[in-house]
Structures are given as structure tokens and as C-alpha cells.
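Chain residues, written in single-letter form:
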Amino acid sequence: MSHSMTAQAPGLSSYLKSLRSTPVEASIEHFIALLKRRQIRNSRPCALATTQLLIQVVKEFKGKDADKLLRRIRDVGRRLIAAQPREMVVGNIVRRVLGLIREIKDDNADGDSNAVNSDTGSPLPHHDSFNRPQLASSISTFMRHGALPPMESASGPESLADSGELPHRPALFSSHTSYAPLGTSLFGLFSQPDTPSNTSTPTGRHSPIGKHTMTASALERIGESTILKRTNIKAEVLEGMNELQDELEQSDDQIAANALDHIHSNEIILTHTASTSVQKFLLAAAKKRKFTVVHAEAHPNDHDAVHATILTGKKRDAEVISEEAGERWKPLTAAGITVVLIPDSHVFAIMARVNKVILATHSVLANGGLVAAAGARVIASAAKVHRTPVVVVTGVYKLSPVYPFDIDELIEYGDAGNVVPYDDGDFVDKVDVDNPLYDYVPPDLVDLYVTNLGGHAPSYLYRIVADHYHPDDINLSGAVEREGK
Amino acid sequence: MATEPPPPDKYDIVAAYQRLLANDHDLTKPIAAIEALVDAMATTSTETVSETLETLEDHIRTLKSSVSNPISLSAGTDLFQRYLITTLNRPSADLTSPAGAVDFDAIRNQLLTNRGLFASRAKAHRATIAQSGRNLIRDGARVLTNGGSRVVAALLRSVAETGSVRFQVVYVLDPDAASQEGEWSGPAIVAMLRAKGIPVATIPDSAVAGALAEIDLIVVGAEAIVMNGGIISKMGTYQMGLLGNIKHKPFYVVAESHKFVRILPAGQYDLPIKQRAIDFKVGKEGELVSIEHESQGGYTVEDEAVDLSDSGASGGKTGKKDSDNSENPVDYTPPNLISGILTESGVLTPSAVSEELIKIWF
């Protein structure tokens, strides 16, 4: 985060302001440039900017064909991802918007195909399309009481046996629960072959979503009968995207609602880097309980923000979008919490006295690992040695369906001048200086993820990925990311 | 059942299964079992649902008792059985006759017409896995593998055929293993890879630990993937997993999802097969006991087959020794040693396996 960033410098807020008045194509180019120049960086600003930009793209989109809209979003998404593949949250938002469009498209198709029944291979209850909650209702009802239901959904696959139906998640894509993580269930082997797209997708997915399992004749009939309905697609997509926007804005508060479950009186909590999510989490607990926070300062990339957070409660140069501007920020010390600032190098020494480690993250990966600010792995490893629980707080929007086959390519290297100033000529001449910005923390070093949906074990994250992303979209960037490297 | 000659009208499922396996070396055991069962359905004429299921169960029992290690094929038979039962219980509309009753014939016909598809789909799955293997094996990687897995071979071949990835393979080969011929045996795969210009080193089981320092990742196939995400695979896989875990080498399993099977072994000795990794012998006083005839350092697989199903009714043996299984001892690798399971629909964490199985069973 650059120190020189002022309100005038191009960044998130100026970009968001410019969005309305600028033609979409120029906005896309502008965003790509900002991403490349790292003037919009970190998960939250990227997520907000991507969402807003895609809203404009949808608004500008002419026509009623959902497939064309899908293609359009995917094309824009590819360009954004290629601009900055390591900001994985951009890809996440693109995929979620794609999933949203698919869902609305199939909902509309479903409505007409009730009579036509499409489904040959999925006799299972939770694959039954007709008892899926409708999009709009599920969002609004669930969004209000955010904190409660997620704990149920964390109870793991065993609960499925009891309920016979997947637990509803409280967020936007609750009806996505009908996706199997496999994309195709084991019965895929037996599905009927008369589907047009079976050759391209590995065996008929028989989630009722997706016309894959519909017969060709059924498709024709739908094509004729849904023209009227399709006129609404754009409005529905925009509505869904506004919910997505809300989710981004509310996720920190929803995460903080879990704080009292995790932070107990007189505990010593260790955290790292300046993170709004963690700050809100700790503040929520501080309302009721007294505890001690040990803050590792994350030198050399984030220490200024850490100092500012400790002193004022917010990152000094954090870009704040207008909704949040009025919000009061107060430091933990004002809430009566003892805060101890330590350099990163002291983490191991102090770990013996720490009760819990709470980490913020840059992005979370499908295998339950995470990419976080450099130093996170040291902390997580030290915690492992001392058997200290490691809790990661993250919004679901940071959860990426990307599987980390190659860890090295996830790690970004930053300005070496932060470590040794460039004017130290002697040093710079003789020594190679590296400044990795991120660490990969493998899943076995993490005990729990606290998201806006509740708490999840790392091994359960695959399920959340399956809930939020359409299997066809996961690969969207696979090829592109490689090109973008 | 097998001791008495099968009645003339009775379909010989075991022969069909063996024939299918022999005719197509690409065919996995679960798929061969499914095809044999579909053929059985085609030849027998049953009127009612329960009669069909009963005949089916009968065939499955016969089939399982005919081999010494029925775990792998039981993945196929279970899948087929569950599919039939769930389809019959909750038929989708186009299989329901206008009256609303289950149109049994429709389901049957659907299966019979699709029969040829199972194998081709399974092969397509393997190709998909092979394709995604390009993510797994990066330029400069050195891969440790073992056994004679078709999927692993397909994956390595697919990466080799890209031409742009330079990688090396260290292949664990048992020099005295009995089954060394066939298209998918270890030596054949080694030869295939070498012919494609991939440097392959072969090492014995005993060299795994010694070689591990120079390995980047471990890739193995599996005979079956059990409910907790662990795998049942060629004897020697478990030690690769253990050693790899100690040395922090990623350990990937590549397998098609039709190999998922609903058993939950508590450990090496809890597998539903009769196989003794340790077989004590003692000689009479003063007599030298020769170890010449013990194959593979003393593993013995009992000829007596066991029945996976609870019912002891079948009890009988076919008398036909399953030449394939008895010489291929297996072990169980628990899920905590596995980094990921590469299936045709992406990389699963071991815990995702149980969910898939629960979905078809409950």
C-alpha cells in the first residue's frame, strides 16, 4: 500500500466515481490499467471495483439472450484476470456473476420445463429442482439474519443424511447448493446420452440446473416459451449483483458477529497485518470481553498500516468508500484492550503465551490453504509447534476455486526498496534483496476459517467452493492465468 | 452355486466379467462388473422390481465371491445397485408411465441401450484426468509413481505428449512381481514413457526412502477410494505415502470417481479381503525351511475368497482362482497422507469423497 496515495491519486474511490460517467469499454480498460499498475490492490478494493464494473457491463448489455450475457461477462472477466492473475478475488467475483446468470437463466427455463421434465439421472432429493428456493426470496430472508444459520451448514456432510436436503446457506447463491462438488455425481456414468452438450461436459450433469440434461425437443419448447420471461434476465441479474455488493459490504460485520464464540475473557490473541476484518472481529469481542492483543507489525510492507490501525483503528491511507466514511473508527485501546506491538521476528518467542492466532488473508484456495501477507506462514508454523489454534477470518468472496498446483506462482514479489532503500547503493550493488508480499499457508496449519457464513474446517471449504461457483466456470481462467503469467 | 454346474439358462456372470476384462485391457474392474451386470439383466427376464433386484444381488454375490479381492469391482456393483434402487424409488418423469407407475421396462431398456456407453465414458473420464494432469506435473518436475495404473500412465503420457513439459519419472518396480506382462503393467508403462522420450528410472520398493530426497511429487493410482478419502492400492503405496508425508512431498491420487467404494477400513488389517502381509511359518526341528516358493517376500493371498456382502448364503466358491488379484497384494493409505484426489471433475480433498458416497447411498 503506497504511502503517497492521496485522494486525488487514481485508486478505488476515484475509479468508482468515474464508473457512471465513463463508457463501459473505457472503464474496463481503466480498471485493467489500475490493476496492472497496482493502484487498485488487495482483495476488498478489487472485489468492489470488479462488482461495480460488471454491474455497468450488465447495464450496458443490449439484448435478452442469457448466453450472450454469459459470454460477454466471461470475456470481460478473462481480460481482468489476465491483467492481474494474483488478485484472485477478481476471478472469484467474475465467476460468481457468471454463476448468478446461469442460475437465473435456468430458473427461467425450469419454470417452463416443469412439465417437460428434464432429469433422467438424478433421482436424489436434493437434486430436485422444484423445491429449490427461488432466488429473490432466499436472498432477502437469509441476508437479514446472517449469523445464525451458517453454523448449521458447517456441521458437515453428515447432516445431509438427516435432512435429506442440503442445508441452506444464508448468502446469495443459496440455490447453488444443488451443485455437487464433483459437478457430476457418481451416477453420471449412467445418465442418458441424448443431451446435446454431453460430449463437452464430462457425462451429463444432472443437477437440474443446466439444460445439459434436457432433451433437444424440450429445449426447443423452452426456447419458444421463455422469450417473455427472458426480458427480465437483466433486471434479475442486476438485483443479484446488488446482493453481491451488499455481501461484500456486510461480510466484515457478519464475520464479527462470530467474535464472541472465538475470543474469551483474558485470552491473549496474536494477529498480523492491518486488516479491517480482523479489526472489526476484535472490536466486536472487545464490547463484552477483556483480552490482550499481540500485534505482529508485518514489516516492511504493512507496518505503517499496522501502526495506524493500533493508534486510530483504521489504516491511515485505507481507501474508504462513501458508505463507510461516516462510520466511526476507534482503536482497540479505546475499547480497553491491551495491545502489544511486536516485530515479526518475535512471534515464535511469544507464541508460548498466546491462546489463539487470528489471521487475515489475501485469498483462500480450494484445498483449504490460503495466501496471506508474508509472515503468515511463520506465525502459523509457530502456532503449530505450540499447538495454538489458528483462526482465519475471511469473507467468502475471497474463497477461490483455484487449486494451488504451483505455489510459487501465487506469490507476488514487491518493492525491494521497502527492505533496503535504493539509496543504500553499497548494499543494493552487492546483495540481492527479495521482498515477497505473500505467503502460502497449507491447510494443515489452519484450524478454522471464520467466514460470513460461519465457521468451517479447512477440509470443508471444498463444499463452500461448490456452493458458490458453477463447475463450468472454474476453469474460466485456467488457461488465461497461464497466459497471463 | 459354483460347485454345482450353473443351470443352462443361468447367466454365468463370472465368465462374462473375466471375458470383459480380458478383451479390453483398458477396462477397469468396476466398469467390467457393471457391464457384466447389465448383460445379466439383458439375458434374464424378470417381471417385477424386487425379482430383478434379487437376481442382481445374486449375481453380485457370485461375482464377489469369485475373486479374492472384491473391493475394486464392488465399487461398480454398488454403484449399479444403488442406481437401480434410487431410479426405481424416485423415477424421473420420462421413465414413468402415464399412469404414474414406474415403467420398469423403460429403465431396463435405457440401461441396455446405454450399455456400450459406460466403458467409453469411463475412458473419457480417464482422458479428462490425463488432461488435467498437465497442471499437476510442471516443467522440471520429478515424479515418483508405482504400480500399473492406467490413469497414471494416461496422465504421464498426456503430459509427455505436450512436448513442452520436461519431467522425469522415478518408477517403483518390483523386480519379481508376478504380473509383469500386459499393456498396463509397470514395465510396459516404463517402456511406453521411455519411447516418448521421458527419462524414467526404475527403483525397487526398498529404495523409495533413499530416492525421496530427489523427488518433487508422488502420483499414484488407486484400486479403490474408500469413504474417508483413503485409498486401496498396490502394496507399497502406503509406505510411499508415509515417507512422502515425512518429507513433505505432495502425494496425489489419480482415479476415476467410479472407484469410490463405501467401506471404511480402520487400518491395514480391516480390509474386507483375506490377505496376509505377514505370514509366519515354522519348520519341523532340524528341517530347513526353504523360502524359494514364497512369492514377493512372503505375501500370501489366500485362495479362499471372501464375501463382501453380509449374507453367507452364497458361501460357495467358483473354484476358479482369480489369477489377477491373488498376485496383487494391496494396502490401505489413510486420507491424512493424501494431498488431493484428481478425478475427472477436478481435484477433490479426501473429505469430499464421503459426501459423494453419502449422496448415492442415503
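Residues numbered from 1 in each chain as written. Chains lettered and ligands numbered in written order. Predicted model: local features only at pLDDT ≥ 70, side-chain atom pairs only at ≥ 80, totals over all residues. Heavy atoms only, no water.

J.: What's the story with the confidence of the model for chain A in this structure? I'm lost.
T.: Across chain A, the average pLDDT comes to 76, with 70% of residues at or above 70. With pLDDT under 50 throughout, residues 114-183 of chain A is counted as low confidence; its partners more than four residues away or in other chains account for 162 contacts. (pLDDT = per-residue confidence, 0-100. Contact = heavy atoms within 4.5 Å.)

J.: Would you mind going over the packing of helix H2 (residues 29-43) of chain B against helix H5 (residues 104-136) of chain B with me for this structure?
T.: Packed helix pairs are characterised by how far apart their axes lie and by the angle those axes make with each other. Residues and elements named next belong to chain B. Where H2 contacts H5, the axes come no closer than 10 Å and their chain directions differ by 160 degrees. Relative to H5, the element H2 lies roughly antiparallel. Here H2 and H5 pass one another in a crossing that is left-handed. Two secondary-structure elements touch here, H2 through Ile31, Ile34, Glu35, Val38, Asp39, Met41 and Ala42 and H5 through Arg108, Leu111, Leu112, Arg115, Phe118, Ala119 and Ala122. Looking at the contact of H2 with H5 residue by residue, the class counts come to 10 nonpolar, no polar and four charged. (Axes fitted to C-alpha atoms, helices over the stretch in contact; angles between N-to-C directions. Helix = DSSP H or I, 4+ residues; strand = E, 2+ residues; numbered from the N terminus. Parallel < 35°, antiparallel > 145°, perpendicular 65-115°, else oblique. Left-handed = near helix turned anticlockwise from the far one by under 90°. Nonpolar A, V, L, I, M, F, W, Y, C, P; charged D, E, K, R; others polar.)

J.: Looking at this structure, how should I read the environment of Val226 of chain B?
T.: Residues and elements named next belong to chain B. Mapped onto the elements, Val226 comes out in the loop between strand E5 (224-225) and strand E6 (231-234). The buried category is assigned to Val226, whose relative accessible area is 0%. When the C-alpha positions of Val226 and Ser354 are compared, they lie 8.1 Å apart, and in sequence the two are 128 residues distant. Not counting residues within four places of it along the chain, the set of residues in contact with Val226 comprises Ile232, Val261, Ile263, Pro265, Tyr332 and Val353. (Buried < 20%, exposed > 50% of the residue type's maximum accessible area, 1.4 Å probe, protein only.)

J.: How should I be thinking about the pairing of strand E7 (residues 251-254) of chain B in this particular structure?
T.: A regular strand places its side chains on the two faces of the sheet in alternate fashion. Residue and element names in this part refer to chain B. Side chains Phe251 and Val253 project from E7 onto one buried face, and the interleaved Tyr252 and Val254 project onto a second face that is buried too. Pairing of strand E4 (residues 217-220) with E7 involves three bridges; the strand directions are parallel. Note that in E7 the partner of Ile218 across the bridge is Phe251. By the bridge criterion, three bridges tie E7 to strand E11 (residues 340-343) in an arrangement that is parallel. When the bridges of E11 are listed, Tyr252 appears paired with Gly340. (Pairing = 2+ DSSP bridges.)

J.: Got a minute to help me understand the UniProt feature "coiled-coil region" (unreviewed entry) in chain A in this structure?
T.: Sequence positions flagged by UniProt for "coiled-coil region" (unreviewed entry) are, in local numbering, residues 234-261 of chain A. Span residues 234-261 of chain A is 93% helix and 0% strand, its end C-alpha atoms 40 Å apart. (UniProt positions renumbered as here; feature names shortened; annotations may be inferred.)

J.: When you look at the sheet that holds strand E5 (residues 363-364) of chain A in this model, what are you seeing that I'm missing?
T.: Where strands meet in a sheet, backbone hydrogen bonds hold them as pairs that are either parallel or antiparallel. All names here are of chain A. One open sheet accounts for three strands, arranged E5-E6-E8; its pairing is antiparallel. Strands with a single pairing partner mark the edges of an open sheet, and in this sheet they are E5 and strand E8 (438-441). Where helix H17 (residues 376-385) meets the sheet, its contacts fall on strand E6 (370-373) and E8, and the angle it forms with E8 comes to roughly 35 degrees.

J.: Would you mind showing me how to read the nonpolar core here?
T.: A general trend in soluble globular proteins is that nonpolar side chains are found buried together. Phe190 of chain A together with Tyr17, Phe80, Leu144 and Val253 of chain B are the most contacted members of the largest nonpolar core, which has 66 residues in total. For this core, the element with the most residues is H2 of chain B, which contributes nine residues. Counting 45 residues, the second largest nonpolar core, distinct from the first, contains Phe31, Ala66, Val89 and Ile233 of chain A. (Core = buried A, V, L, I, M, F, W, Y, C linked by side-chain atoms within 4.5 Å.)

J.: Mind showing me how you'd approach the packing of aromatic side chains here?
T.: Geometrically, a pair of aromatic rings is defined through the distance of the ring centres and the angle of the planes. In total, this model carries five aromatic pairs over all chains according to the counting rule given. Ring geometry for Tyr403 of chain A versus Tyr252 of chain B: centroids 6.3 Å apart, planes at 65 degrees, classification edge-to-face. On the criterion of chain membership, the pair formed by Tyr403 of chain A in the loop between strand E7 (390-393) and helix H18 (425-430) and Tyr252 of chain B in strand E7 is interchain, its members lying in two chains. Tyr252 of chain B sits in the buried class, given a relative accessible area of 7%. Note on Phe405 of chain A and Tyr252 of chain B: the rings are 6.3 Å apart at their centroids and 40 degrees apart in plane angle, and the pair reads as tilted. Of this pair, Phe405 of chain A sits in the loop between E7 and H18 while Tyr252 of chain B sits in strand E7, on two different chains. (Phe/Tyr/Trp six-rings, centres within 6.5 Å; stacked < 30°, edge-to-face > 60°.)

J.: Whenever I open this one, the packing of helix H2 (residues 24-36) of chain A against helix H4 (residues 66-83) of chain A confuses me. Can you help?
T.: Residue and element names in this part refer to chain A. Their axes nearest at 8 Å, the elements H2 and H4 cross at an angle of 25 degrees. If you check the angle between H2 and H4, you find them roughly parallel. The handedness of the crossing between H2 and H4 is right-handed. Between H2 and H4, the contacting residues are Val24, Glu25, Ile28, Glu29, Phe31, Ile32, Leu35 and Lys36 on the first element and Arg72, Val76, Arg79, Leu80 and Ala83 on the second. The class makeup of the residues in the contact of H2 with H4 is eight nonpolar, no polar and five charged.

J.: Whenever I open this one, the environment of Val219 of chain B confuses me. Can you help?
T.: With respect to the element layout, Val219 of chain B can be found in strand E4. For the pair Val219 of chain B and Pro250 of chain B, spaced 31 residues apart in sequence, the C-alpha separation works out to 8.3 Å.

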